[in-house]
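Now for the letters of each chain:
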Amino acid sequence: MTRIPQVSSLLRLTAVSVVALAVLPLSGCLYAQIPANVPSGDGPDPVPTASPSALPSDEPSENPAGDLPSSMSFADGAALPSTAYIQWGDGLIVDEGWKSVKPDDGNGGWTYGTVDDTCTAQFWQGLIPDVPTVPGDDSASSDAMLAVILGESDVAAISTAATTGAFSYQIGGNAEVENRRIVGDAGDRRWIMAARAFTATGVGLYTIVDCTGGDIEATIAEVAEKNAVVIQ
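Rules used in this analysis
- Residues numbered from 1 in each chain as written.
- Predicted model: local features only at pLDDT ≥ 70, side-chain atom pairs only at ≥ 80, totals over all residues.
- Heavy atoms only, no water.
- Helix = DSSP H or I, 4+ residues; strand = E, 2+ residues; numbered from the N terminus.
- Buried < 20%, exposed > 50% of the residue type's maximum accessible area, 1.4 Å probe, protein only.
- Polar contact = N/O pair within 3.5 Å; in protein donor to acceptor, adjacent residues only side chain to side chain.
- Contact = heavy atoms within 4.5 Å.
- Pairing = 2+ DSSP bridges.
- Axes fitted to C-alpha atoms, helices over the stretch in contact; angles between N-to-C directions.
- Salt bridge = Lys/Arg side-chain N within 4 Å of Asp/Glu carboxyl O.
- pLDDT = per-residue confidence, 0-100.
- Expected span 1.5 Å × (residues − 1).
- Phe/Tyr/Trp six-rings, centres within 6.5 Å; stacked < 30°, edge-to-face > 60°.

Concerning the side chain of D95
Moving on, step 1. In this structure, D95 sits in the loop between strand 3 (86–88) and strand 4 (98–102).
Moving on, step 2. For D95, a relative accessible area of 17% gives the class buried.
Moving on, step 3. Engagement of the side chain of D95 in a polar contact is seen with the backbone nitrogen of G97, the distance being 2.8 Å.
Moving on, step 4. For D95, the residues in contact, after removing those within four places along its chain, are E222 and K226.

Quick word on the sheet that holds strand 10 (residues 203–212)
Moving on, step 1. In spatial order, the strands read 4-5-6-10-9-8-7; together these seven strands make up an open sheet with antiparallel pairing. Taken across any chain shown, the strands that pair with only one partner, and hence form the sheet edges, are strand 4 and strand 7 (163–167). For this sheet, the mean inter-axis angle between neighbouring strands, taken without regard to orientation, is 30 degrees.
Moving on, step 2. Strands strand 6 (119–127), strand 8 (177–186), strand 9 (189–198) and strand 10 of the sheet are contacted by helix 1 (residues 138–150), whose axis makes an angle of about 130 degrees with strand 9.

Examining the pattern of salt bridges
Moving on, step 1. Tallied over the entire structure, the rule returns seven salt bridges.
Moving on, step 2. Here K99 and D117 are joined by a salt bridge, their closest N and O atoms 2.5 Å apart. One end of the pair, K99, is in strand 4; the other, D117, is in the loop between strand 5 (109–114) and strand 6, with 18 residues separating them in the sequence.
Moving on, step 3. A salt bridge links D210 to R189; the nearest nitrogen and oxygen atoms lie 2.5 Å apart. Pair noted here: D210 is in strand 10 and R189 is in strand 9, with a separation of 21 residues, a long-range link.
Moving on, step 4. Look at the salt bridges and you will find they share partners, linking D95, E222 and K226 into a network.

As for the confidence of the model for the protein chain
Moving on, step 1. In this model, the protein chain carries a mean pLDDT of 80, and residues with pLDDT of at least 70 account for 72%.
Moving on, step 2. When pLDDT is averaged over each element of the protein chain, strand 7 comes out on top at 98 and strand 1 (residues 21–23) at the bottom at 35.
Moving on, step 3. Contacts for the low-pLDDT stretch residues 1–36, under 50 throughout, to residues beyond four places or in other chains number 133 contacts.
Moving on, step 4. Ignoring residues within four places in sequence, the model shows residues 41–65, a span with pLDDT below 50, making 48 contacts including any to other chains.

Re helix 1
Moving on, step 1. Taking 1.5 Å per residue as the helical rise, helix 1 with its 13 residues ought to reach 18 Å, and the 18 Å between its terminal C-alpha atoms agrees with that figure.
Moving on, step 2. Judged by how many residues are buried, helix 1 sits mostly within the fold: twelve of 13 residues are covered.
Moving on, step 3. Within the span of helix 1, buried status applies to D138, S139, S141, S142, D143, A144, M145, L146, A147, V148, I149 and L150.
Moving on, step 4. Phi turns positive, to about 70 degrees, at G151, one or two residues after helix 1.

Describing the environment of K102
Moving on, step 1. Positionally, K102 belongs in strand 4.
Moving on, step 2. According to the relative accessible area criterion, K102 is partly exposed, its value standing at 22%.
Moving on, step 3. The spatial distance from the C-alpha of K102 to the C-alpha of Y112 is 6.7 Å, given a sequence separation of ten residues.

Quick notes on the packing of aromatic side chains
Moving on, step 1. Counted under the stated rule, the structure contains four aromatic pairs.
Moving on, step 2. When the ring of W88 is compared with that of F167, the centres are 4.9 Å apart and the planes differ by 70 degrees; the resulting orientation is edge-to-face. Residue W88 is found in strand 3, and its partner F167 is found in strand 7; the two are separated by 79 residues along the sequence.
Moving on, step 3. The exposure class assigned to W88 is buried, which follows from its relative accessible area of 1%.

Here it is as structure tokens:
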């Protein structure tokens, strides 16, 4: 049975950028001022900053979100009610090609690895009060989320470097949740960070796929296909 982890913490995302750093220069013609650091799935857990009373409930709202958009483009995000409950669907828990590297830490994060040890996929979900979001503009807010994770103050540089990708929506096998992504490499090691901010609800989620050898684009495509973004 597929486990769907809950959105479980109010997390200061800036903490993610100062722990578990791996030196990986960004690839291609990206601006030199973008930091060459990325969180690693093997490092210590980020430290939550919320008191228990400030944490979101582990259960969906008693008031359902009602009719949801049939897709979740950046523009569709503006149609979400503020009560919508957003989380990753865990599609790797029973997948024979993946194993748990870090179980759910209770702070919105967990990590899987491929059984051949070539790649890891780190996941996070939670509230994003420290991201300078742009109300009604999930694309710009997703770039801002990438910038915070990377510790980069120049969001414009991130926006120039990032491209638009997609996660699955509600069930696996589609490409209906637009995201923003950054690619980095160091020799045969590559990583892709993909994030989506939902400004209507103040929630964000991301994944970082990190591969040494192997086909990283095929791996992140598999991760996106099997781990849908579930909205209720």
